[in-house]
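Spelled out, the chains give:
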Amino acid sequence: MINRSKAAISLTLIALFVVAGTVKAATVADTGLQEEVNSCIAEVRERLDYSDATSVRHFVTAIERRTVGYTMSIDTSVRGGEKGETIRAYAATCVVNGNHKPLKFDISEIS
């Protein structure tokens, strides 16, 4: 009975270690999806209003595996003014597979 308890504790600790490792956020380079991200970001860039911009930031907020490739959610902020505040913001959704034009793309300006 003691051996079973030790085995159960060991398996539980191993499972916690594995779960903790998968929760750790991965970079785009770690996921191997750099081409897909670049394709979606290029599509976002084509549709932005750059007037009065001093910088632009893209945040990939979600990547989900799909049958045809990956669905990505991208939040983009266009910054400007003397203090570099956000002057426009966009939310985009992109379905992409490889370094190709996205299969589906949607972008909207948010306030």
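Preceding this section is the structure that the text describes.
Rules of the game
Throughout, a residue's number is its position along its own chain's written sequence, starting from 1. Predicted model: local features are reported for residues with pLDDT of at least 70 only, side-chain atom pairs are reported and counted for 80 or more only, and whole-chain, interface and lining totals are derived from all residues. With hydrogens and water stripped out, all remaining heavy atoms of the structure feed into the side-chain values. Salt-bridge detection follows one rule: a side-chain nitrogen of Lys or Arg within 4 Å of a carboxyl oxygen of Asp or Glu. Note on pairing: two strands pair once DSSP finds at least 2 bridges between them. For helices the rule is a DSSP run of H or I covering at least 4 residues; for strands it is a run of E covering at least 2, with both sets numbered from the N terminus onward. Every angle, taken between N-to-C directions, lies between 0 and 180 degrees, and every axis is a line fitted to C-alpha atoms, over only the stretch in contact when it is a helix. Residues count as neighbours in contact if any of their non-hydrogen atoms are within 4.5 Å of one another. Aromatic rings from Phe, Tyr and Trp, taking only the six-membered ring of Trp, are treated as a pair when their centres fall within 6.5 Å; an angle between ring planes under 30 degrees marks them as stacked, one over 60 as edge-to-face, and anything in between as tilted. Two conditions define a charge located above a ring, namely a distance within 6 Å from the ring centre to NZ of Lys or CZ of Arg, and an angle within 35 degrees of the ring normal.

1. Observations regarding the pattern of salt bridges
In step 1: Under the counting rule described, the total for this entry stands at four salt bridges.
In step 2: Taken together, the shared-partner salt bridges connect Glu-43, Arg-47 and Lys-101 into one network.

2. What about the sheet that holds strand β1 (residues 53-65)?
In step 1: What the four strands build is an open sheet, ordered β1-β2-β3-β4; its pairing is antiparallel. Sheet topology places β1 and β4 (104-110) at the edges, where each strand pairs with a single neighbour. Pairwise comparison of adjacent strand axes, ignoring direction, gives a mean angle of 15° for this sheet.
In step 2: Most of the contacts of helix α3 (residues 34-47) go to strand β2 (residues 70-80), to which it runs at about 45°, and overall it touches β1, β2, β3 (85-96) and β4.

3. As for the packing of aromatic side chains
In step 1: If you walk through the whole model with that rule in mind, you get zero aromatic pairs.
In step 2: Residue placement shows Arg-65 over the ring face of Tyr-70; its charged tip is 4.8 Å from the ring centre.

None of the figures reported here should be taken as evidence of function without further support.
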